[in-house]
Amino acid sequence: MNPRTVMGIALRTVTTGIFSAMLMSGTVLAREKVELPEVDSDGLHLVKDRKVAAAYAVPGADLSQYSKVMMLDCFVEFEKDWQKDYNLSQIGLSGRVNDRDAEKIKKRLSEEFKRIFTVVLPQKGFPVVEEAGPDVLLLRPALINVNVTAPDVLSASMSTSYIRSAGSMTLYMELYDSSSSTLIARVVDPLIDDDMYGQVANRVTNKRAADNILRHWADLLADHLSHVTQKSAGD
């Protein structure tokens, strides 16, 4: 397969198989230890030394050959029944989230993912490019189980919400060799925004909370790529 074939592959259902219990139970969100299988359905092996909730990779996978990164558009999906449950908690119609509002939130989050990664990765020596190549790592990201505590999408709503957490989301990302479209690794990492002092919920604070989480993931990837590159150079 070539990279364009990868771009056309439908997103796998991630709440099945080995990840179902993790994502549905919430234990990973709390970063509690859970038993993970040594090998997943694609033959990827569990990475023991990791900084995310779950990581699987091809045995002996070497990312040191990649000096550039290519990204597909980030798929975004809300937590099951998030929109319905949120709307049931609202009094009147003005504070409810309609389908158009929900799509706007997903679009902004997808664009913000690309913006953050496009800024962070080059800063750490890994340019984001548009063309595949033997030294280009292809990212296929998704943000799933997105839960926004108090979405600020309705200009008609004049109420002010004070929250401790802006919400939560789970990164589900696959890493491919861009030349061969070979799946190299997969990571799953749920995170929650948590402000012990509380905050006003609006578009600015929601964006800041999302950016902090996205930047954390971008830093993790960039730091890992830097580490394996330096390790390879020292061998």
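Residues numbered from 1 in each chain as written. Predicted model: local features only at pLDDT ≥ 70, side-chain atom pairs only at ≥ 80, totals over all residues. Heavy atoms only, no water.

Trainee: Outline the overall build of the protein chain, supporting the account with residue identities and numerical values.
Mentor: The helix and strand tally for the protein chain stands at five helices and nine strands. Along its sequence from the N terminus, the protein chain presents helices and strands in the succession α-α-β-β-β-β-α-α-β-β-β-β-β-α. In the protein chain, which comprises 235 residues, the share counted as buried stands at 44%. Within the protein chain, counting contacts between residues at least 6 apart in sequence, those at least 24 apart form 74% of the total. (Helix = DSSP H or I, 4+ residues; strand = E, 2+ residues; numbered from the N terminus. Buried < 20%, exposed > 50% of the residue type's maximum accessible area, 1.4 Å probe, protein only. Contact = heavy atoms within 4.5 Å.)

Trainee: Tell me about the nonpolar core, and please be specific about residues and values.
Mentor: Grouped together as the largest cluster of nonpolar side chains are 44 residues, with contacts concentrated most on Phe113, Phe117, Leu139, Leu143, Met169 and Trp217. When residues in this core are grouped by element, the largest group, nine residues, is from helix 5 (residues 203-234). Aside from chain neighbours lying at most four places away, what touches Leu139 is Val69, Met70, Met71, Leu72, Phe117, Met173, Glu174, Leu175 and Leu221. The next biggest cluster of nonpolar side chains, apart from the first, holds 15 residues, and it includes Leu138, Ile144, Tyr176 and Val188. (Core = buried A, V, L, I, M, F, W, Y, C linked by side-chain atoms within 4.5 Å.)

Trainee: Let's hear about the pattern of salt bridges: which residues, and what values?
Mentor: Applying the stated rule across the entire model yields 16 salt bridges. Ionic pairing is found between Lys48 and Glu38, a salt bridge with its closest N-O pair at 2.6 Å. Here Lys48, found in the loop between strand 1 (45-46) and strand 2 (54-57), pairs with Glu38, found in the loop between helix 2 (20-25) and strand 1; they are ten residues apart in sequence, far enough to count as distant. Between Glu174 and Arg186 there is a salt bridge, and its shortest N-O distance comes to 3.1 Å. (Salt bridge = Lys/Arg side-chain N within 4 Å of Asp/Glu carboxyl O.)

Trainee: Tell me about unusual backbone geometry, residues and numbers included.
Mentor: Glycine aside, a negative phi is what most residues show, and trans is what most peptide bonds show. Although it is not a glycine, Asn145 adopts a positive phi angle of roughly 55 degrees. Counting through the fold element by element, Asn145 comes out in strand 5 (residues 136-148).

Trainee: Account for the packing of aromatic side chains, naming residues and giving values.
Mentor: Within this structure, the stated rule accounts for three aromatic pairs. Judged by centre distance (4.3 Å) and plane angle (15 degrees), the ring pair of Phe78 and Trp82 falls under stacked. Looking at Phe78, the relative accessible area reads 10%, which means it is buried. With a centroid separation of 6.0 Å and an interplanar angle of 20 degrees, the aromatic rings of Trp82 and Tyr86 are classed as stacked. Taken together, the residues span about one helical turn, with Trp82 and Tyr86 both in helix 3 (residues 82-88) at a distance of four residues. For the pair Trp82 and Tyr86, one class covers both residues: buried. (Phe/Tyr/Trp six-rings, centres within 6.5 Å; stacked < 30°, edge-to-face > 60°.)

Trainee: Let's hear about the environment of Leu44: which residues, and what values?
Mentor: With respect to the helices and strands, Leu44 occurs in the loop between helix 2 and strand 1. For Leu44, a relative accessible area of 2% puts it in the buried group.

Trainee: Quick rundown of the pairing of strand 4 (residues 75-78)? Include the residues and the values.
Mentor: Going residue by residue along strand 4, you find Val76 and Phe78 tucked away on one face and Phe75 and Glu77 left uncovered on the opposite face. Two elements, strand 4 and strand 5, share three bridges in a ladder whose sense is parallel. By the bridge assignment, Phe75 is partnered in strand 5 with Ala142. (Pairing = 2+ DSSP bridges.)

Trainee: Can you lay out helix 4 (residues 99-123) for me, pointing to particular residues and giving the numbers?
Mentor: Given a rise of 1.5 Å per residue, 25 residues ought to cover 36 Å, and the 37 Å separating the end C-alpha atoms of helix 4 matches this to within 8%. Among all positions in helix 4, only Asp101, Ala102, Ile105, Lys106, Leu109, Ser110, Glu112, Phe113, Ile116, Phe117, Val120 and Leu121 are buried. N-cap assignment for helix 4: the residue whose side-chain oxygen lies 3.0 Å from the backbone N of Arg100 is Asn98. In the segment just after helix 4, Gly125 is the residue with positive phi, at about 95 degrees. (Expected span 1.5 Å × (residues − 1). Polar contact = N/O pair within 3.5 Å; in protein donor to acceptor, adjacent residues only side chain to side chain.)

By themselves, these are just geometric observations and shouldn't be taken as functional.
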